[in-house]
Amino acid sequence: MELGAGALRWKEFGGEHLAELTELAQACLAVDGGLPLFARTPLLRARLFQTRTLGAWHDGRLVAAIGVGAGQQPATSTGLVHPAWRGRGFGGQLLNWAQEQAGDVDLLLTTESWSPGADALFRARGFEWTFTEWVLRHDLDAVPAVAHPDGVRTEPVTLGTELFETYCASFAERPGFAAPSAEDWLGELRADDEYRPDLSLIARGPDGGAVGFLNVIDNCIDTVGVVPGWRGRRVGAYLVASTLRALAGEGAREAWLCVNDNNPVAAALYRRLGLRDAGRRARYLRRRS
């Protein structure tokens with residue numbers, strides 16, 4: 001498919017191009033910030049290895065790539081343009097191609113390495129922000145100390161119904177929360193080779209019932225939740241601080257955590273614990289109505 005002039009070669013990509021895709025994702029993260037897990041195989045595959053794929057090579061180097069999940073409502077897409085190749089219209093060309101593949105259904109764009117340029121492009125094409133998170137980083141040379149919450153004990157999680165129900169109870173009141181099935185939510189964790197059940201924690205109150213939880217994927221704090229009746233008692237702060245200390249004890253140099261823009265209370269807590277802004281991730285939707 002011809003999408004531009006010059007020495008570019010456009011073609012589908014597949015599993016044999018994982019190294020090139022990883023290098024492209026790393027280049028975008030280095031400039032834009034964002035979620036480091038994006039440059040690792042599980043999330044990279046989930047975002048880019050979709051129904052249709054298209055990449056652009058220049059002198060054997062992958063400089064742009066996009067995946068589109070067609071045949072569903074909404075269609076989904078994630079695309080990347082190498083920072084050195086931006087400003088030449090490739091983002092717009094890739095977006096045109098994605099919209100063609102989506103056809104007559106809504107199109108949901110996901111970016112794990114948000115940039116102002118991509119935001120301007122998406123908004124100019126009629127896409128609206130549906131989700132955005134701050135990506136936060138903690139350098140583990142010094143970890144915070146949080147007093148043990150009264151009446152609370154913690155233990156490693158067990159992947160089962162209790163963990164899923166604690167997740168749902170913790171987030172049911174969040175704007176836009178749509179609970180997945182237990183099978184899907186737990187299955188995604190089980191399938192992730194980088195999930196750390198040994199570092200992931202569940203917090204229990206005096207009666208033994210679950211009052212909060214924290215999941216860890218590699219060195220990322222993937223999800224933190226506290227049930228409504230136990231908020232404001234240092235449970236979330238203690239879970240995060242305990243995990244930061246455990247990661248530091250293993251020799252990790254940094255830890256990562258994402259927090260939704262519409263959760264300023266949690267964001268303020270994490271920043272008080274020493275996490276600092278390191279990019280954003282977002283989703284955009286364009287409806288075909």
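Residues numbered from 1 in each chain as written. Predicted model: local features only at pLDDT ≥ 70, side-chain atom pairs only at ≥ 80, totals over all residues. Heavy atoms only, no water.

Scanning the protein chain for helices and strands turns up eight helices and twelve strands. For the protein chain, whose C-alpha radius of gyration is 20 Å, the value lies close to the compact-globule estimate of 19 Å for 289 residues. Within the span of the protein chain, comprising 289 residues, buried residues form 51% of the whole. Across the protein chain, contacts joining residues at least 24 apart in sequence account for 73% of those joining residues at least 6 apart. A total accessible area of about 13,600 Å² is found for the protein chain, and carbon and sulfur atoms account for 49% of it. (Helix = DSSP H or I, 4+ residues; strand = E, 2+ residues; numbered from the N terminus. Rg over C-alpha atoms; globule rule 2.2 N^0.38 Å. Buried < 20%, exposed > 50% of the residue type's maximum accessible area, 1.4 Å probe, protein only. Contact = heavy atoms within 4.5 Å. Areas by Shrake-Rupley, 256 points an atom, 1.4 Å probe, with all protein chains shown as cover.)

Here we come to helix H6 (residues 182-191). Since the α-helix advances by 3.6 residues per turn, residues separated by three or four positions end up pointing in the same direction. Turning to H6, its buried residues are Trp185, Leu186 and Leu189. Buried positions in H6, seen along its axis, are confined to an arc of 85° and lie on one side of it. Residues Glu183, Asp184, Glu188 and Ala191 are exposed on H6 and point more than 90 degrees away from its buried face. In this structure, the buried side of H6 is in contact with helix H5 (161-171) and strand E9 (210-217). (Arc of directions from axis to C-beta.)

Our next topic: the pattern of salt bridges. Scanning all chains against the criterion turns up 19 salt bridges. A salt bridge links Arg61 to Glu23, with the shortest nitrogen-to-oxygen separation between them at 3.9 Å. Residue Arg61 is located in strand E3 (residues 61-69), and its partner Glu23 is located in helix H1 (residues 18-32); the two are separated by 38 residues in the primary sequence. For Glu23, a relative accessible area of 43% translates into the label partly exposed. (Salt bridge = Lys/Arg side-chain N within 4 Å of Asp/Glu carboxyl O.)

Quick look at a negative patch on the surface now. Together, Glu183, Asp184, Glu188 and Asp222 make up a negatively charged patch on the protein surface. If one sorts the elements of the negative patch by residue count, H6 sits on top with three residues. (Patch = residues over 30% accessible without salt bridge, like charges linked within 9 Å, V, L, I, M, F, W, Y side chains within 5 Å. Lys, Arg positive; Asp, Glu negative; His and termini not counted. Charge placed at Lys NZ, Arg CZ, Asp CG, Glu CD.)

Looking now at the environment of Asp106. Position of Asp106 relative to the elements: it lies in the loop between helix H3 (90-102) and strand E5 (107-111). Along the chain, Asp106 and Arg286 lie 180 residues apart, while their C-alpha atoms are 5.7 Å from each other. Among all residues touching Asp106, those that are not within four sequence positions of it are Gln73, Pro74, Ala75, Leu285, Arg286, Arg287 and Arg288.

The residue Gly249 is located in helix H7 (residues 235-249) in this model. With 117 residues separating them along the chain, Gly249 and Thr132 place their C-alpha atoms 31 Å apart.

Taken as a whole, the protein chain shows an average pLDDT of 94; of its residues, 98% reach a score of 70 or greater. Low pLDDT, under 50, characterises residues 1-5; the predicted model gives this stretch nine contacts beyond four residues in sequence or across chains. (pLDDT = per-residue confidence, 0-100.)

The biggest cluster of nonpolar side chains holds 35 residues, and the ones touching the most others in it are Leu21, Phe38, Leu44, Leu48, Leu80, Tyr167 and Trp185. Every element with two or more residues in this core is listed here: H1, helix H2 (41-48), E3, H5, H6, E9 and strand E11 (254-260). Per-element tally for this core: the top contributor is H1, with six residues. Ignoring sequence-local partners within four residues, the contact set of Leu44 consists of Leu18, Leu21, Thr22, Ala25, Phe38 and Phe49. Judged by nonpolar contacts, the second largest core, of 32 residues, contains Leu140, Leu199, Leu269 and Leu275. (Core = buried A, V, L, I, M, F, W, Y, C linked by side-chain atoms within 4.5 Å.)

This part is about the packing of H5 against H6. With their axes 10 Å apart at the nearest point, H5 and H6 run at an angle of 110° to one another. Our classification of the angle between H5 and H6 gives roughly perpendicular. Side by side, H5 and H6 meet where Thr161, Leu163, Phe164 and Tyr167 of the first sit next to Ala182, Trp185 and Leu186 of the second. Residue classes in the contact of H5 with H6 are distributed as six nonpolar, one polar and no charged. (Axes fitted to C-alpha atoms, helices over the stretch in contact; angles between N-to-C directions. Parallel < 35°, antiparallel > 145°, perpendicular 65-115°, else oblique. Nonpolar A, V, L, I, M, F, W, Y, C, P; charged D, E, K, R; others polar.)

Right, let's get into the sheet that holds strand E6 (residues 128-139). Pairing within the open sheet is mixed, and its twelve strands lie in the order E1-E2-E3-E4-E5-E12-E6-E11-E10-E9-E8-E7. Bordering the open sheet on either side are strand E1 (9-11) and strand E7 (153-156), each of which pairs with just one other strand. Sheet twist, expressed as the average angle between the axes of neighbouring strands with direction ignored, equals 20°. Note: strand E2 (residues 52-58) against E3, seven bridges, orientation antiparallel. (Pairing = 2+ DSSP bridges.)

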